[in-house]
Amino acid sequence: MRLGTFNLLHGRSLSDGVVHAERIAAAVADLDADVLGLQEVDRAQPRSGLLDLTAIAADALGAPAHRFAAAVVGTPGETWKPWHSEDDNLNPLYGIALVSRWPVLRWQITQLPGAPIRSPVWVPDRKLLLLKDEPRVMIAAVIDSPAGPMTVANTHLSFVPGWNLRQLRHAVRALRALPAPRVLLGDLNMPVGPVRAFTGWRALAKASPTYPSPAPKAQLDHILADPRGGDALGTVLQVRTPAVDVSDHRPLVVHLGQAHTLNS
């Protein structure tokens, strides 16, 4: 199986600053992931041409099971508020998504504790800004894979140091109630060392820089496996961080070898 994570930067290309549906679809199709977690995903946003980026990615992979989880109503960096209910879905939305080529037996969305403080963030052409952090969520799916049920989750954690660790612990605790083997995908906004130290989960991709995309120096994007039941996932055969013409992150894809029958 191939598991992937990709921070889309709402589909924007660094080469021309434009969002093209065809370019997003080509970048995602090249990953050939069976399950893919997406972060910084727009739906019905003017800045991305009112596109449904989750649907574009799912079509590109031939993935019939997919779900978008909104974190924000409005546009990050402009005017926004936390997503509260289905009534907000008529507005421009921003969040994360999970797409799967295999059937999903159960979905679960978990709200993660938000950072209560503003933090300095470097924004190109605007220098250093004090920004309020966005709400954070995790979307998990119990997937009926060819080898049996497994749990795959996706999240995008805070850029505020310390708070992202708190969110990561909260995410891991929430996943314990779902069937093993368990995998967490996402942009965790921290390197692999703290991730492993605070979770005890195994990094399926190490020393695989993903940010910034033109010349990656840091690995902020991760694919983690819970060691409890994780042996059933098989061995890592290949790790890819391909250069694509979308986003300021490179995608991360792990190809796992033949697994044993997965036990829940």
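Here is what the cut-offs are and how they apply
- Residues numbered from 1 in each chain as written.
- Predicted model: local features only at pLDDT ≥ 70, side-chain atom pairs only at ≥ 80, totals over all residues.
- Heavy atoms only, no water.
- Pairing = 2+ DSSP bridges.
- Helix = DSSP H or I, 4+ residues; strand = E, 2+ residues; numbered from the N terminus.
- Contact = heavy atoms within 4.5 Å.
- Axes fitted to C-alpha atoms, helices over the stretch in contact; angles between N-to-C directions.
- Buried < 20%, exposed > 50% of the residue type's maximum accessible area, 1.4 Å probe, protein only.
- Expected span 1.5 Å × (residues − 1).
- Patch = residues over 30% accessible without salt bridge, like charges linked within 9 Å, V, L, I, M, F, W, Y side chains within 5 Å.
- Areas by Shrake-Rupley, 256 points an atom, 1.4 Å probe, with all protein chains shown as cover.
- Salt bridge = Lys/Arg side-chain N within 4 Å of Asp/Glu carboxyl O.
- Lys, Arg positive; Asp, Glu negative; His and termini not counted.
- Charge placed at Lys NZ, Arg CZ, Asp CG, Glu CD.

Attention shifts here to the sheet that holds strand 13 (residues 221–225). Within the open sheet, the six strands sit side by side as 6-9-10-11-13-12. Their pairing is mixed. Edge positions in the sheet fall to strand 6 (104–112) and strand 12 (202–203), since each of these pairs with one other strand and no more. With two bridges joining them, strand 12 and strand 13 adopt antiparallel strand pairing. Note that in strand 13 the partner of arginine 202 across the bridge is alanine 225. Strands strand 6, strand 9 (136–145), strand 10 (148–156) and strand 11 (182–187) of the sheet are contacted by helix 3 (residues 163–175), whose axis makes an angle of about 150 degrees with strand 6.

Looking now at the side chain of histidine 10. Tracing the sequence through the fold places histidine 10 in the loop between strand 1 (2–7) and helix 1 (21–31). For histidine 10, a relative accessible area of 10% puts it in the buried group. Aside from chain neighbours lying at most four places away, what touches histidine 10 is Val19, Glu40, Asp42, Arg47, Ser48 and Leu53.

A separate point is helix 3. In a regular helix each residue adds 1.5 Å, so 13 residues correspond to 18 Å; helix 3 covers 19 Å between its end C-alpha atoms and thus fits that length. Buried within helix 3 are the following residues: Trp163, Asn164, Leu165, Gln167, Leu168, Ala171, Val172, Ala174 and Leu175.

A few words now on a positive patch on the surface. Residues Arg166, Arg169, Arg173 and Arg176 make up a contiguous surface patch of positive charge. Counting through the fold element by element, arginine 169 comes out in helix 3.

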